[in-house]
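Letter by letter, the chains look like this.
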Amino acid sequence: MVPTTFPRHLWPLSTHLFQRRLWLGRYDLFELGQRLGTPVYVYDLPTLDHMISAYRHGLQFWPGQGLITFASKAWLSLPLVQLLTWRGLGLDVVSEGELEIARLGGMDGEKIHLHGNNKSLALLTKAIAVGVGAIVVDNLQELALLERLSLTKPQRLWLRLNPDLMAATHAYRQTGHYGSKFGLTWEEAQEAVQRIVANEHLMLTGLHTHIGSQLFEFEPILKAFERLIDLAAWIQRRFGLSIRYISPGGGLGVAYHPQDPKRELFPLVRDLCVFAARSWRQRLGESFPILVLEPGRSLIARAGMALYSVGNIRYLSNGERIIAVDGGLSDNSRPALYGAKYTTVLARDPLGEPVGPARIVGPLCESGDFLIKSVMLPEVQPGDVLAIPVSGAYQLSMASNYNGMLRPSVFLHTRATLIPMQRREQFEDLWRRDVLLPEKPMV
Ligand code: LLP
């Protein structure tokens with residue numbers, strides 16, 4: 001069986017096949033893996049820019065202004081913040097660490113939105129000092145904390161509504177259902193509005209919801225948006241207050257595997273905007289708030305690819321091969337955590353005739369350390385390079401040093417060159433935080 005088609009929609013836009021090999025722009029990925037050392041992640045800037053344009057064009061179908069804020073949990077680094085800042089995007093952060101990186105990378109405080117279900121006093125204080133565009137209130141205790149702070153100027157707040165909707169995705173990624181740790185119930189949101197309106201230091205500027213991630217169904221996102229509209233209508237009726245920002249969060253799904261639904265981003269965003277605008281218009285007329293979309297995965301997943309080198313190959317009597325590579329659970333925990341399914345190709349022969357199924361595993365000490373449970377591959381040799389597409393989101397940001405693994409280096413591919421974005425961890429990074437005991441402790 002010779003695969004005649006290459007699932008191009010999974011790969012960065014600069015990827016192409018030439019002389020039977022897989023290339024990224026002018027880089028032969030087999031040679032690149034060998035030269036850069038593996039595991040290595042490469043982000044393709046043309047793909048990232050393409051996704052940003054898809055969001056921009058889609059947002060034009062919302063009659064008001066639009067804003068894209070990148071959900072930094074998908075992947076965050078100083079050079080990425082630089083890129084996003086230069087392109088005019090905003091950033092969502094959930095911790096002091098993410099906030100620090102956002103600021104150091106040059107993101108304007110105004111364009112940073114602070115999320116999170118358990119914001120500490122230190123985090124809130126830092127966010128206020130930075131002048132974040134919005135603190136997204138997740139629960140009433142957090143609001144109480146904000147009410148007690150002595151603020152010198154009014155702090156802009158959004159409310160995160162829990163719309164009581166179950167999104168069709170892995171349970172760990174559902175966030176909008178009853179019993180979820182995220183967001184205010186309808187009654188709590190009403191109470192929060194009343195308390196904010198009554199407080200001269202707090203200002204209600206936005207309504208937000210996010211029902212989950214890796215979603216392929218449109219309906220629940222729109223339903224959640226309609227709950228926000230209901231709330232906006234109630235606020236207007238009750239307090240004569242118009243909401244300036246409205247956000248249905250992120251969550252659009254991407255294909256990781258040839259069998260996953262194949263979706264073009266632009267029509268998806270366009271349809272979301274068209275339907276959302278229709279709902280808004282029906283309830284609240286023509287004065288549209290700023291629509292804030294918060295993509296993580298759909299903006300960056302496809303731009304990233306991971307390269308691994310093959311080590312040992314174990315042949316089983318049932319014809320299966322277990323191919324061990326030099327990364328795994330430590331740089332991509334998604335297969336273990338969510339049963340995520342990826343695909344891969346042999347960089348030096350991506351269309352080579354498969355000789356049978358292979359399991360791709362890492363070098364770590366547990367059987368949950370696998371990248372792909374089964375993929376058809378040609379004959380593979382130690383030293384070969386395997387490329388895994390759609391590796392740009394929630395892999396590096398969730399990477400660990402389990403078993404003393406060093407987190408991979410990251411490069412940016414522009415049309416002409418490769419630019420380092422993050423160096424590979426060094427052994428010293430593994431013990432940088434350790435404090436040697438001065439002497440043998442007494443027991
Ligand atoms: N906004 C909020 C408030 C979020 O919590 C998230 C993701 C997003 C936006 C972006 O969602 P996206 O567009 O990336 O779907 N580790 C999991 C995904 C967790 C998503 C967490 N929140 C995974 O690897 O599948």
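Residues numbered from 1 in each chain as written. Predicted model: local features only at pLDDT ≥ 70, side-chain atom pairs only at ≥ 80, totals over all residues. Heavy atoms only, no water.

Side note on the environment of Phe239
Tracing the sequence through the fold places Phe239 in helix α8 (residues 219–239). Distance in space between the C-alpha atoms of Phe239 and Val193 is 9.3 Å, their sequence separation being 46 residues. Each residue touching Phe239, except ones within four places of it in the same chain, is listed here: Val193, Gln194, Val197 and Trp234. (Helix = DSSP H or I, 4+ residues; strand = E, 2+ residues; numbered from the N terminus. Contact = heavy atoms within 4.5 Å.)

Describing the sheet that holds strand β2 (residues 21–24)
Spatial strand order, β1-β2-β3: three strands in an open sheet with antiparallel pairing. Each having just a single partner strand, β1 (15–18) and β3 (27–28) make up the two edges of the open sheet. Note: β2 against β3, two bridges, orientation antiparallel. Bridge pairing links Trp23 to Asp28 in β3. (Pairing = 2+ DSSP bridges.)

Here we look at the site of the ligand
Of all residues adjacent to the ligand, which total 19 residues, the nearest are Ser213, Glu294, Arg334, Tyr338 and Tyr394. One nitrogen or oxygen atom from the side chain of Lys73 is found 3.0 Å from an oxygen atom belonging to the ligand. Taking Gly251, its main chain carries an N or O atom lying 2.9 Å from an oxygen atom of the ligand. Protein contacts shield 92% of the accessible area of the ligand, which totals 590 Å² for the unbound molecule. For the shell around the ligand, the class distribution of residues is five nonpolar, eight polar and six charged. The residue makeup of the shell around the ligand includes at least three contributed by each of domain 1 (8–37 + 303–425) and domain 2 (46–300). (Near = heavy atom within 4 Å. Polar contact = N/O pair within 3.5 Å; in protein donor to acceptor, adjacent residues only side chain to side chain. Areas by Shrake-Rupley, 256 points an atom, 1.4 Å probe, with all protein chains shown as cover. Nonpolar A, V, L, I, M, F, W, Y, C, P; charged D, E, K, R; others polar. Domains from an automatic or database assignment.)

Here we look at unusual backbone geometry
In this structure, the amide linkage connecting Thr38 to the following residue, Pro39, adopts the cis form with an omega of -5 degrees. Relative to the elements of secondary structure, Pro39 occurs in the loop between α1 (29–36) and β4 (40–44). In this structure, Gln19 is a non-glycine residue whose phi angle is positive, near 50 degrees. Topologically, Gln19 is positioned in the loop between β1 and β2.

Looking at the packing of aromatic side chains
Overall, the coordinates contain eleven aromatic pairs when judged by the stated rule. Ring geometry for Phe18 versus Trp23: centroids 5.7 Å apart, planes at 65 degrees, classification edge-to-face. Phe18 gets classed as partly exposed once you look at its relative accessible area, which sits at 42%. The buried category is assigned to Trp23, whose relative accessible area is 16%. Note on Trp62 and Phe225: the rings are 6.1 Å apart at their centroids and 90 degrees apart in plane angle, and the pair reads as edge-to-face. With Trp62 in the loop between α2 (45–59) and β5 (66–71) and Phe225 in helix α8, this residue pair connects regions lying 163 residues apart in the sequence. Exposure class is identical for Trp62 and Phe225. Each is buried. An aromatic cluster is defined as three or more aromatic residues linked by ring pairs; in this entry it consists of Trp62, Phe225 and Phe288. Over the aromatic face of Tyr338 sits the side chain of Arg173, whose NZ or CZ is 5.0 Å from the ring centroid. (Phe/Tyr/Trp six-rings, centres within 6.5 Å; stacked < 30°, edge-to-face > 60°. Buried < 20%, exposed > 50% of the residue type's maximum accessible area, 1.4 Å probe, protein only. Lys NZ or Arg CZ within 6 Å of the ring centre and 35° of its normal.)

Digging into the pattern of salt bridges
The full count for this structure, using the stated rule, is 17 salt bridges. Between Asp49 and Arg87 there is a salt bridge whose closest N-O contact spans 2.4 Å. Taken as a pair, Asp49 in helix α2 and Arg87 in the loop between α3 (78–86) and β6 (90–93) lie far apart in primary sequence, 38 residues in all. Judged by relative accessible area, which is 24%, Asp49 ranks as partly exposed. Judged by relative accessible area, which is 23%, Arg87 ranks as partly exposed. Between Arg359 and Glu320 there is a salt bridge, with its nearest N and O atoms 3.2 Å apart. (Salt bridge = Lys/Arg side-chain N within 4 Å of Asp/Glu carboxyl O.)

Remarks on the pairing of strand β8 (residues 134–137)
Alternating residues of β8 divide into Ala134 and Val136 and Ile135 and Val137, and every residue in both groups is buried. Sheet topology places strand β7 (residues 112–114) next to β8; two bridges connect them, and they run parallel. Its bridge partner being in β8, His113 is matched across the sheet by Ala134. Once the chain exits β7 it traverses helix α5 (residues 121–130) before rejoining the sheet at β8, and the crossover so formed is right-handed. Relative to strand β9 (residues 155–160), β8 runs parallel, the two sharing three bridges. Bridge pairing in β9 links Val136 to Trp158. What joins β8 to β9 is helix α6 (residues 140–148), and the crossover it makes is right-handed. (Right-handed = clockwise from strand over helix to strand, strands pointing away.)

Some remarks on the domain arrangement of the protein chain
Often, the extent of an interface is quoted as the loss of accessible area upon association of its parts. Examined at the domain level, the protein chain breaks down into domain 1 (8–37 + 303–425) and domain 2 (46–300). Inter-centroid distance (C-alpha atoms) of domain 1 to domain 2 is 33 Å. Opposite the 26 residues of domain 1 that make contact, domain 2 presents 24 residues. Counting each side, the surface lost to burial between domain 1 and domain 2 is near 2300 Å², with a carbon and sulfur contribution of 66%. Between domain 1 and domain 2 we count zero salt bridges in total. At the boundary of domain 1 and domain 2, one finds five residue pairs in polar contact (both at pLDDT 80 or more). Secondary structure elements with two or more residues in the side of domain 1 that touches domain 2: α11 (334–338), β19 (409–413) and β20 (418–422). The residue inventory of the side of domain 1 that touches domain 2, partitioned by class, reads 14 nonpolar, nine polar and three charged. (Buried area = accessible area lost by both parts, 1.4 Å probe.)

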